[in-house]
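If you want the building blocks of each chain, they are given just below.
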Amino acid sequence: MDYIDPHIHMVSRTTDDYETLARMGCIAMSEPAFWAGFDRGSVESFRDYFRQLTEFEPKRAAQFGIQHYTWLCINAKEAENVSLSREVIAMIPEFLSASNVLGIGEIGLNKNTKNESTIFLEHVDLAVRYGQQILIHTPHLEDKYQGTKMIVDMLVHDTRVDRSRVLVDHVEEHTIQEVLDQGFWAGMTLYPVTKCTPARAADMIERFGPERLMANSAGDWGPSKPTAIPDLIMELKRRGHSRQLIRKIVCENPCEFFSQSKNFKAPSALS
Ligand SMILES: [Zn+2]
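The following refers to the structure shown. In this text the structure is predicted, and so the values were computed from the model without any measurement.

Topic: the overall build of the protein chain
Counting its regular elements, the protein chain contains 9 helices and 8 strands. The globule rule puts the C-alpha radius of gyration for 271 residues at 18 Å, and the 17 Å found for the protein chain is close to it. Its C-alpha atoms put the protein chain at 50 × 40 × 35 Å along the principal axes. Counting contacts in the protein chain only where the partners sit at least 6 residues apart, residues at least 24 apart contribute 73% of the total.

Have a look at this one:
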């Protein structure tokens, strides 16, 4: 079945992975900017990374017929360096006209600190001023509930934010309701170690319904499985769910959300 992975870090993956994803039905993907595993030293390092995301990865994906989109930001882990974060935020507009940019992301919180909140709000302001969509990273494990609440509060407080243009990722059973109730889109991350399994994601789809809900692999340089969405498709099929419902989660919902960006072109397989 054709599908879209709305959150995957292909800079960390091999060309063989692109080939495997194409064989498994991946027709489009979006790659948010994230932490490299070490703190970058200067704004120039981010400029090079953004060139990789807007120039190199779309070409690598296109070799396998996959559309590659991206989101730009300085991630929450590096937001403790407020001055560097501000330099990066000031540089991002240089890249907003690149043809595969969907918006600002993945922004959010990591340890729920004051500096992280400051930089989060400055990213939101950038997105609003430039009419960009937003992709949100919510913290892991014990910081998730409080961090998600803080993020939702900050977004709701800014009346300029159009909630239908915001995707809140890494939701789990204890955070999904709040995100959906407030009018945001929600993304479930299928991860082998932390976050949720295909079975837990299927449970959430059954419990909360398919509206404004999608799933991603968040494949990166850590323990992760880039083919996690096909695993979810198998789990939903095994439970007897209709092709229509599965397609809505893995294809139509990401398409509907991304279509709010002028740069998104609905994959031909869908039209
Ligand atoms: Zn990520």
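Examining the nonpolar core
Formed by 76 residues in total, the largest nonpolar core has its most connected members in Val168, Leu190, Ala201, Ala215, Leu232 and Val250. The element that contributes the greatest number of residues to this core is helix α9 (residues 243–258), accounting for 6 residues. If near-sequence neighbours (up to four positions away) are discounted, valine 168 is found in contact with Ile136, Thr138, Val179, Phe184, Trp185, Ala186 and Gly187.

Quick look at the pairing of strand β2 (residues 26–32)
Across the 7 residues that make up β2, a large majority, 7, are buried. In this structure, strand β1 (residues 3–5) lies alongside β2, joined through 3 bridges in parallel fashion. What sits directly across from isoleucine 4, in β2, is alanine 28. The parallel pair β1 and β2, bridged by helix α1 (residues 15–23), forms a crossover whose chirality is right-handed. Sheet analysis places β2 next to strand β3 (residues 67–72), joined by 5 bridges and oriented parallel. Paired with methionine 29 across the bridge in β3 is histidine 68. Of the crossover connections in this fold, the one passing from β2 over helix α2 (residues 43–62) to the parallel β3 is right-handed.

Notes on the environment of phenylalanine 120
Secondary-structure assignment places phenylalanine 120 in helix α4 (residues 114–129). For phenylalanine 120, the residues in contact, after removing those within four places along its chain, are Ile107, Gly108, Leu109 and Met154.

Some details on the environment of arginine 47
Mapped onto the elements, arginine 47 comes out in helix α2. Given 16 C-beta atoms within 10 Å, arginine 47 falls into the partly exposed group.

What about the packing of helix α7 (residues 198–208) against helix α8 (residues 228–238)?
Where α7 contacts α8, the two axes come as close as 9 Å, and the packing angle between them is 60°. Between α7 and α8, the crossing angle belongs to the class labelled oblique. Note on packing geometry: the crossing formed by α7 with α8 is right-handed. Judged by residue contacts, Pro198, Ala199, Ala201 and Ala202 of α7 engage Asp231, Leu232, Glu235 and Leu236 from α8. A class-by-class count of the residues in the contact of α7 with α8 yields 6 nonpolar, no polar and 2 charged.

A few points about the sheet that holds strand β8 (residues 213–216)
Strands sit in the order β1-β2-β3-β4-β5-β6-β7-β8 across an open sheet of 8 strands; the sheet is parallel. One side of each edge strand has no neighbouring strand; the edge strands of this open sheet are β1 and β8. Recorded for the sheet is a direction-independent mean angle of 25° between the axes of neighbouring strands. Sitting on the sheet, α9 is in contact with β1, β2, β3, β4 (101–108), β6 (166–169), β7 (185–189) and β8, with an inclination near 110° to β8.

What about α4?
Over its 16 residues, α4 extends 23 Å from the first C-alpha to the last, a length consistent with the 22 Å expected when each residue adds 1.5 Å. If you check which residues of α4 are buried, you get Glu116, Ile119, Phe120, His123, Val124, Leu126 and Ala127. Within α4, the buried residues cover an arc of 160° as seen down the axis, which keeps them to one side. Away from its buried face by more than 90 degrees, α4 exposes Lys114 and Arg129. Just beyond α4, the residue with positive phi is glycine 131, at close to 65°.

Quick look at helix α5 (residues 144–157)
Spanning 14 residues, α5 covers 20 Å between terminal C-alpha atoms, matching the ideal 20 Å at 1.5 Å per step. Among the structural elements, β4, α4, β5 (133–137), β6 and α6 (176–181) are those in contact with the buried residues of α5.

As for the pairing of β7
A large share of β7 lies buried, amounting to 5 of its 5 residues. In terms of strand pairing, β6 meets β7 through 2 bridges, oriented parallel. Within the sheet, the bridge partner assigned to leucine 167 lies in β7 and is tryptophan 185. Viewed along the sheet, the connection from β6 through α6 into β7 turns out right-handed.

Criteria and thresholds
- Residues numbered from 1 in each chain as written.
- Predicted model: local features only at pLDDT ≥ 70, side-chain atom pairs only at ≥ 80, totals over all residues.
- Helix = DSSP H or I, 4+ residues; strand = E, 2+ residues; numbered from the N terminus.
- Rg over C-alpha atoms; globule rule 2.2 N^0.38 Å.
- Contact = placed C-beta atoms within 7 Å.
- Core = buried A, V, L, I, M, F, W, Y, C linked by C-beta atoms within 7 Å.
- Buried ≥ 20, exposed ≤ 12 C-beta atoms within 10 Å, placed from the backbone.
- Pairing = 2+ DSSP bridges.
- Right-handed = clockwise from strand over helix to strand, strands pointing away.
- Axes fitted to C-alpha atoms, helices over the stretch in contact; angles between N-to-C directions.
- Parallel < 35°, antiparallel > 145°, perpendicular 65-115°, else oblique.
- Left-handed = near helix turned anticlockwise from the far one by under 90°.
- Nonpolar A, V, L, I, M, F, W, Y, C, P; charged D, E, K, R; others polar.
- Expected span 1.5 Å × (residues − 1).
- Arc of directions from axis to C-beta.

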